[in-house]
Each structure stands twice: as structure tokens, then as C-alpha cells.
Amino acid sequence: LMGPFAWSFLGVETFMGKVIPLILVLNPRTRTVWWTALASVLVVVGIFVMRCNIVLGGEYLPLI
């Protein structure tokens, strides 16, 4: 949570990929086709950043 990838984990993956889409889907005023499509794109971006965090986090520390 405080390492070099904290901004991508907390900011992009968690907030933009989980919290904002949840708010958009649960709010009755934003439960339209356009807002749902935006929420789904944000979820896909969050999943992509999660995969990048896993790969880059594994390559960040050297083996020896």
C-alpha cells in the first residue's frame, strides 16, 4: 500500500476499477446504458492495471 506501485493499485485498480463502477451501477440516476457501458470500460481498465501490477511487481525485485 505504500510501495512504488501504490498509486496504480489504490488509484487506478481499486478506486477507478472497483469503487466508481460500483457507485455508477448502484445509483438509480446513472443506471442507463451509457453509464453502464462506462462502468464496464472502467472495470476492464482496472483488470488490465491489476494484471500489470502483478507482472511488474514480480519483475521489480531481482531474484538475487
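Keep in mind that this is a model prediction, so the values were computed, not measured. (Residues numbered from 1 in each chain as written. Predicted model: local features only at pLDDT ≥ 70, side-chain atom pairs only at ≥ 80, totals over all residues. Heavy atoms only, no water.)

Undergrad: Talk me through the environment of Val25; I want residue IDs and the actual numbers.
TA: Secondary-structure assignment places Val25 in helix 1 (residues 6-26). Each C-alpha atom of the pair Val25 and Ser8 lies 23 Å from the other, and the pair is 17 residues apart in sequence. (Helix = DSSP H or I, 4+ residues; strand = E, 2+ residues; numbered from the N terminus.)

Undergrad: I'd like to hear about the environment of Arg31, residue by residue, with values.
TA: Within the fold, Arg31 resides in the loop between helix 1 and helix 2 (33-60). Through-space distance from the C-alpha of Arg31 to that of Pro21 is 11 Å; in sequence the pair is ten residues apart. If we skip the residues at most four places from it in the chain, Arg31 touches Leu24, Val25, Leu26 and Thr36. Only 3.0 Å separates the side chain of Arg31 from the backbone oxygen of Val25, close enough to count as a polar contact. (Contact = heavy atoms within 4.5 Å. Polar contact = N/O pair within 3.5 Å; in protein donor to acceptor, adjacent residues only side chain to side chain.)

Undergrad: Residues and numbers for the packing of helix 1 against helix 2, please.
TA: Two elements in contact, helix 1 and helix 2, have axes separated by 8 Å at closest approach and are oriented at 155°. With respect to helix 2, the axis of helix 1 lies roughly antiparallel. Along this stretch, helix 1 crosses helix 2, giving a crossing that reads as left-handed. The segment helix 1 lies against helix 2, with Ser8, Phe9, Val12, Glu13, Met16, Gly17, Ile20, Pro21, Leu24 and Val25 engaging Trp35, Leu38, Ala39, Leu42, Val43, Val45, Gly46, Val49, Met50 and Asn53. Here the contact of helix 1 with helix 2 is built from residues that sort into 15 nonpolar, four polar and one charged. (Axes fitted to C-alpha atoms, helices over the stretch in contact; angles between N-to-C directions. Parallel < 35°, antiparallel > 145°, perpendicular 65-115°, else oblique. Left-handed = near helix turned anticlockwise from the far one by under 90°. Nonpolar A, V, L, I, M, F, W, Y, C, P; charged D, E, K, R; others polar.)

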